[in-house]
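Observations on chain architecture
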Amino acid sequence: MVPTVRIELLTTGTELMLGTTQNTHGAWIGQRLFSLGLRVERQITVPDGQAVIEAMKTGLEAGDVLIVTGGLGPTSDDLTREALAEVLGLEMIEDEAALRAIEEFFASRGRVMVPANRKQAMAPVGADILANPNGTAPGLHVPPRMSGERNCAVFLLPGPPRELYPMFDEEVVPRLEALAGIEQPPEMVELKFVGIGESDFHQGIDEQLAAVAGLEHGYCARLGEVDLRLMGTPEAIGNGRRIAEAAFARELVSDDGAILEEVVVRLLKEQGVSLAIAESCTGGLIATRITDVPGASEVFRYGFVTYANEAKRDLLDVSWDDLLEHGAVSEPVAGQMAEGALRVGEADLAVSVTGIAGPTGGTEAKPVGTVFLGLAVKGGKTEVVKQFHPWGRDAFKRQVSQAALNLVRRALGDGGAEGSRRSKV
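Residues numbered from 1 in each chain as written. Predicted model: local features only at pLDDT ≥ 70, side-chain atom pairs only at ≥ 80, totals over all residues. Heavy atoms only, no water.

**Notes on the overall build of the protein**
- Looking only at helices and strands, the protein features 16 helices and 17 strands.
- With 425 residues in all, the protein has 48% of them scored as buried.
- Look at the contacts in the protein between residues 6 or more apart in sequence, and 67% of them connect residues 24 or more apart.
- For the protein, the computed accessible surface area is about 19800 Å², with 50% contributed by carbon and sulfur atoms.
- In the protein, the 40 positive side-chain charges and the 60 negative ones have mean positions that sit 4 Å from each other. (Helix = DSSP H or I, 4+ residues; strand = E, 2+ residues; numbered from the N terminus. Buried < 20%, exposed > 50% of the residue type's maximum accessible area, 1.4 Å probe, protein only. Contact = heavy atoms within 4.5 Å. Areas by Shrake-Rupley, 256 points an atom, 1.4 Å probe, with all protein chains shown as cover. Lys, Arg positive; Asp, Glu negative; His and termini not counted. Charge placed at Lys NZ, Arg CZ, Asp CG, Glu CD.)

In C-alpha cells:
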C-alpha cells in the first residue's frame with residue numbers, strides 16, 4: 001500500500017474567480033496524482049492578493065504537500081513567491097542561475113528582457129529552483145524542513161499549462177514519489193462505457209462490485225458516458241471487470257483510456273474501412289471530433305454539413321418530395337442523407353444525423369430533442385434509429401454526436417463493415 005500523503009492544491013488568480021479563465025489545473029493535476037497512487041485531499045481557488053496568504057497558511061497546516069499554481073509572472077499582481085516567503089518568515093533573494101535562465105530565454109528568441117522580469121528570479125532563501133524551459137517563470141520547491149513544525153513540502157508552479165504540465169512531470173513527480181515512498185503505482189483499470197448512465201451501474205452491478213474483496217471502485221459520469229474506475233489487486237480488478245463486462249459488454253468502449261472518437265478511428269484503420277459523415281443539427285461536431293484524432297485522414301473521406309433542406313437535396317440527393325412530406329427531421333431523410341454521404345463520399349460506411357436542437361422548432365409530434373440517425377454500409381441495408389435528447393442545445397449536440405459515433409463503433413464492433421451488412425434489416 002502507498003503511504004497516505006495529504007496533498008493540498010491551491011490554484012490562484014482573480015481570472016479564475018471571475019470565470020473569464022477556466023480552471024483546468026485541478027482536473028489535470030488530480031488525474032496525474034491519481035496515476036501515482038496519490039490523491040488531492042482538498043482544492044482551494046482564491047483571487048490574487050491577501051487571500052493567497054491566508055490560503056497558504058491553511059494548506060501548510062493541513063497538508064503534507066502544498067501545490068500552488070499561478071502568480072509567478074512579472075506583473076504587480078503576481079505575488080505567490082512573496083506570499084510564501086511571508087508565511088514562512090524567509091528572506092527573498094535573487095537567484096543568479098534563475099536570472100541567467102530568464103535572460104537566455106529572451107536572448108534565444110531575439111527579444112529584450114524588460115526590468116520587470118528580474119522579479120521572476122527572486123526566491124525564498126533555501127528554496128530549490130525548478131527549471132522552466134518553456135517560459136520565463138521558474139518554479140520553486142520548499143522542502144518540508146523549511147516549513148518548521150508544519151513539515152509540509154511546497155511547490156510553486158507557473159499558471160500557463162504549457163509551462164506547468166512539463167514542470168510537474170519533470171520536477172514535481174520525482175520529488176513526490178520520493179516523499180511518498182512510491183516504488184510501484186497501484187494497479188488500476190479505467191473502463192469507458194457509452195450509452196448508459198451512472199444509475200445503470202448503481203441499479204445493476206454496484207452491489208456486486210462492492211462485494212469483491214480488495215477492490216475499490218468509483219465512477220465518473222458525463223453526458224451519455226460513464227467511466228468505471230477499478231483499483232486493487234490484479235485478481236480483484238479482474239473480478240470487477242468480469243462483473244462489468246457481463247452486464248454492459250456492448251456499451252464498453254475502451255479499457256486503455258481511449259475516448260470514443262479515438263476508438264472509432266482505431267477500428268476504422270484496423271478494419272480498412274473508410275467513413276463519411278452527413279450532419280444537420282450537429283453542424284460539423286461529429287467531423288470535428290473525428291478529425292481531432294491523429295491519423296484520421298487515413299479513414300475519413302468526406303464531411304457534409306447540410307443544414308438547409310436545399311443542401312440536403314443538392315449535395316446528398318435527398319428527395320425533395322420526402323423533405324416536404326416528412327420534414328427534414330424524419331426517418332426517410334436521415335436514411336437518404338447517410339446513403340448520399342456514402343455514395344458521394346465514396347466511403348465504406350456513412351453516418352447521418354438530423355434533429356431539432358431547440359429551443360424552438362419542436363412540435364407535438366416531434367418535440368425539441370428529437371433526432372434521427374442513419375447508418376449506411378456499402379453493399380448493405382441502411383439503418384435508421386430515432387432518439388430523444390431534451391437536454392438543451394449544447395448538450396443535445398454533444399449527445400447526438402456521441403450517439404452517432406457509438407453507432408459507427410457498434411457497427412464496426414459487430415465485425416466491421418461485413419458484420420454491419422449482416423446485422424441490418
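From this point, the narrative continues.
**Let's talk about empty space enclosed by the protein**
- A full pass over the atoms with the stated rule returns one cavity of 30 Å³ or more.
- Counted as a void, the largest cavity has a volume near 30 Å³.
- The wall of the largest cavity is formed by Glu8, Leu9, Leu10, Ile44, Ala55, Gly59 and Leu66.
- Counting only elements with at least two residues in the lining of the largest cavity, the list comes to strand 1 (7-12) and helix 3 (50-62).
- Element by element, the count of residues in the lining of the largest cavity is highest for strand 1, at three residues.
- Looking at side-chain class alone, the lining of the largest cavity contains five nonpolar, one polar and one charged residues. (1 Å grid on protein atoms, 1.4 Å probe; cavity = no way out; pocket = protein on both sides within 12 Å on 5 of 7 lines; lining within 4 Å. Points joined across faces, edges and corners; volume = space filled by probe spheres on them. Nonpolar A, V, L, I, M, F, W, Y, C, P; charged D, E, K, R; others polar.)

**Quick look at unusual backbone geometry**
- Residue Pro359 follows Gly358 across a cis peptide bond; omega there is 5°.
- One non-glycine residue with positive phi stands out, namely Asn151, at about 55°.
- Within the element layout of this structure, Asn151 appears in the loop between strand 7 (139-142) and strand 8 (153-157).
- Residue Asp317 is not a glycine yet carries a positive backbone phi of 60°.
- Assignment of secondary structure puts Asp317 in the loop between helix 12 (309-316) and helix 13 (320-326).

**Notes on the pattern of salt bridges**
- On inspection of all chains with the given rule, the structure shows 22 salt bridges.
- A salt bridge links Arg150 to Glu61; the nearest nitrogen and oxygen atoms lie 3.2 Å apart. Residue Arg150 is found in the loop between strand 7 and strand 8, and its partner Glu61 is found in helix 3; the two are separated by 89 residues along the sequence.
- Take Arg150: its relative accessible area is 28%, and that puts it in the partly exposed class.
- The class of Glu61 is exposed, set by a relative accessible area of 56%.
- Between Glu225 and Arg398 there is a salt bridge, with its nearest N and O atoms 3.5 Å apart. Within this pair, whereas Glu225 is found in strand 11 (residues 225-232), its partner Arg398 is found in helix 15 (residues 393-413), the two being separated by 173 residues in sequence.
- Given a relative accessible area of 11%, Glu225 falls into the buried group.
- If you follow the salt bridges from partner to partner, you end up with Glu190, Lys192, Arg222, Glu225, Asp227 and Arg398 in one network. (Salt bridge = Lys/Arg side-chain N within 4 Å of Asp/Glu carboxyl O.)

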